[in-house]
Amino acid sequence: MSQTANRSMDLATWGLLVLLGFIWGGSFFFGRVAVQHVPPMTLVLFRVGLAAIALHVAFGRLPGFYRTLSSRWRELLVMGLINNAIPFTLIFVGQTQIGSGLASILNATTPVWAVLVAQVLTTDEKITAAKLIGCGLGLAGMVLLIGPSALGLADSPLWAMLAVVGAAVSYGFAATFGKRFKGVSPRITATGQLTASSLIMLPLALIVDQPWTLTMPPMNVVAAILALALVSTAFAYIVFFRILSVAGATSASLVTLLVPPAAILLGVLFLGETLSLTEALGLGLIALGLLSLDNRLAIKR
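Residues numbered from 1 in each chain as written. Predicted model: local features only at pLDDT ≥ 70, side-chain atom pairs only at ≥ 80, totals over all residues. Heavy atoms only, no water.

J.: Explain a nonpolar patch on the surface here, please?
T.: Side chains of F46, L50, I53, V57, L226, L230 and V231 sit close together on the surface and give an oily, nonpolar patch of about 610 Å² of accessible area. Secondary-structure elements contributing two or more residues to the nonpolar patch are α2 (40-59) and α10 (219-247). For the nonpolar patch, the element with the highest residue contribution is α2, accounting for 4 residues. For F46, the position within the fold is in helix α2. Its relative accessible area of 36% is what places F46 among the partly exposed residues. (Patch = residues over 30% accessible without salt bridge, like charges linked within 9 Å, V, L, I, M, F, W, Y side chains within 5 Å. Areas by Shrake-Rupley, 256 points an atom, 1.4 Å probe, with all protein chains shown as cover. Salt bridge = Lys/Arg side-chain N within 4 Å of Asp/Glu carboxyl O. Helix = DSSP H or I, 4+ residues; strand = E, 2+ residues; numbered from the N terminus. Buried < 20%, exposed > 50% of the residue type's maximum accessible area, 1.4 Å probe, protein only.)

The structure is reproduced here in structure tokens:
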């Protein structure tokens, strides 16, 4: 097995991973607040569009910035589709019916899908016994969460939960596809994919949601949208692509292990959400599965 497949993360990279976990945990909270007043596709457009504008303003004057963007536009378009447009839309659609905590737990299966996709599409991150156990535990946790809904025994609609799982699958493909941006500045990659996803979402939001017919949302929703775009998207993706470039797809996707606790805490404190025993058990199985993925808890000093 190649050395790349066994890359561990140093202390600084783990620090970035923890920071990103809390930032993306907040994204589920902000999304749950905003989607109650703004339709999903329009909310995605606001999220990626405002984030793209912020990054262009911040980094557009860097030498060679737009030359690199234009030379990689096809790859950035694909990345914008599978890492932003598709998963953001599916998550917000799901969050019209399910809470931020449950959505974040289902999203935590992302590393499982990343491992399965990497097994098929890469040569340097092949599956191991530990990864196989991790995938099994993670999928078992997901089945535990979705099972009651599939049997009609839970309050959360099955389609809403599957929408969030679909987002996690899309993220799994994005984690592997994003490896081709190694050596490209995270600032450029983040700006390019967000610009591409903005162009994808603009006609969809205009056709489906007709946002000009919507009423002005309350100020707390406006604040949630701004936080979602500027903190949980623009800044977060700079951090994400930095982790991806130094630690690999599987390690980068482990951020989803840290997202549910933050999202659950915010949901309990500010949205009155609760965590059921089934959801807690599902989160536990997913967490065990993620921790089993290739012994990624080892920190290189």
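J.: Looking at this model, I keep getting lost on empty space enclosed by the protein. Mind explaining?
T.: The method is simple in principle: a probe with the dimensions of a water molecule rolls over the atoms, and the space it marks as empty is what remains. This structure, assessed with the given rule, holds 2 cavities of 30 Å³ or more. Roughly 60 Å³ of internal volume is contained in the second largest cavity. For the second largest cavity, the full set of lining residues is G178, K179, F181, K182, V184, P186, T189, F241, L244 and S245. Mapped onto the lining of the second largest cavity, the elements with two or more residues apiece are α9 (186-208) and α10. Ranked by residues supplied to the lining of the second largest cavity, first place goes to α10 with 3 residues. Grouping the constituent residues of the lining of the second largest cavity by class yields 5 nonpolar, 3 polar and 2 charged. (1 Å grid on protein atoms, 1.4 Å probe; cavity = no way out; pocket = protein on both sides within 12 Å on 5 of 7 lines; lining within 4 Å. Points joined across faces, edges and corners; volume = space filled by probe spheres on them. Nonpolar A, V, L, I, M, F, W, Y, C, P; charged D, E, K, R; others polar.)

J.: When you look at the confidence of the model for the protein chain in this model, what are you seeing that I'm missing?
T.: Confidence along the protein chain averages 86 in pLDDT terms, with 91% of residues attaining 70 or more. Here strand β2 (residues 299-300) stands out as the element of the protein chain with the lowest mean pLDDT, 38, in contrast to helix α4 (residues 73-95), whose mean of 97 is the highest. Scored below 50 in pLDDT, residues 296-301 makes 22 contacts in the model with residues more than four places away or belonging to other chains. (pLDDT = per-residue confidence, 0-100. Contact = heavy atoms within 4.5 Å.)

J.: How should the environment of F177 be read in this particular structure?
T.: Within the secondary structure, F177 sits in helix α8 (residues 158-177). Taking relative accessible area as the criterion, F177 reaches 17% and is therefore assigned buried. C-alpha separation for the pair F177 and A190, spaced 13 residues apart in sequence, amounts to 14 Å. If we skip the residues at most four places from it in the chain, F177 touches E75, V78, M79 and I82.

J.: Can you help me understand the layout of surface pockets in this one?
T.: Put simply, the largest pocket is a space of about 230 Å³. The wall of the largest pocket is formed by 17 residues, among which G99, L102, E273, T274 and E279 lie closest to the centre. Elements with a minimum of two residues in the lining of the largest pocket: α5 (100-107) and α12 (259-270). Split into classes, the residues belonging to the lining of the largest pocket amount to 5 nonpolar, 8 polar and 4 charged. In this model, the second largest pocket occupies a volume close to 170 Å³. Around the second largest pocket sit H37, V38, F46, P211, L214, T215, M216, P217, V222 and I225, which together line it. The residue makeup of the lining of the second largest pocket, split by class, is 8 nonpolar, 2 polar and no charged.

J.: How do you make sense of unusual backbone geometry when you look at a structure like this?
T.: What you tend to see is this: most non-glycine residues have negative phi, and most peptide bonds are trans. Positive phi is not limited to glycine here, since Q210 has a value of about 45 degrees. With respect to the helices and strands, the residue Q210 is situated in the loop between α9 and α10. For Q210, a relative accessible area of 37% corresponds to the partly exposed category.

J.: Is there a simple way to think about the packing of α4 against α9 in this case?
T.: To describe two helices that pack against each other, one gives the angle between their axes and the distance between the axes. One way to put it is that α4 packs onto α9 with a least axis distance of 7 Å and a crossing angle of 65 degrees. Handedness of the crossing formed by α4 with α9: right-handed. Counted together, L76, L77, M79, G80, L81, N83, N84, A85 and T89 of α4 and T189, G192, Q193, L194, A196, S197, I200 and M201 of α9 form the full contact between these two elements. Of the residues in the contact of α4 with α9, the class split is 9 nonpolar, 8 polar and no charged. (Axes fitted to C-alpha atoms, helices over the stretch in contact; angles between N-to-C directions. Left-handed = near helix turned anticlockwise from the far one by under 90°.)

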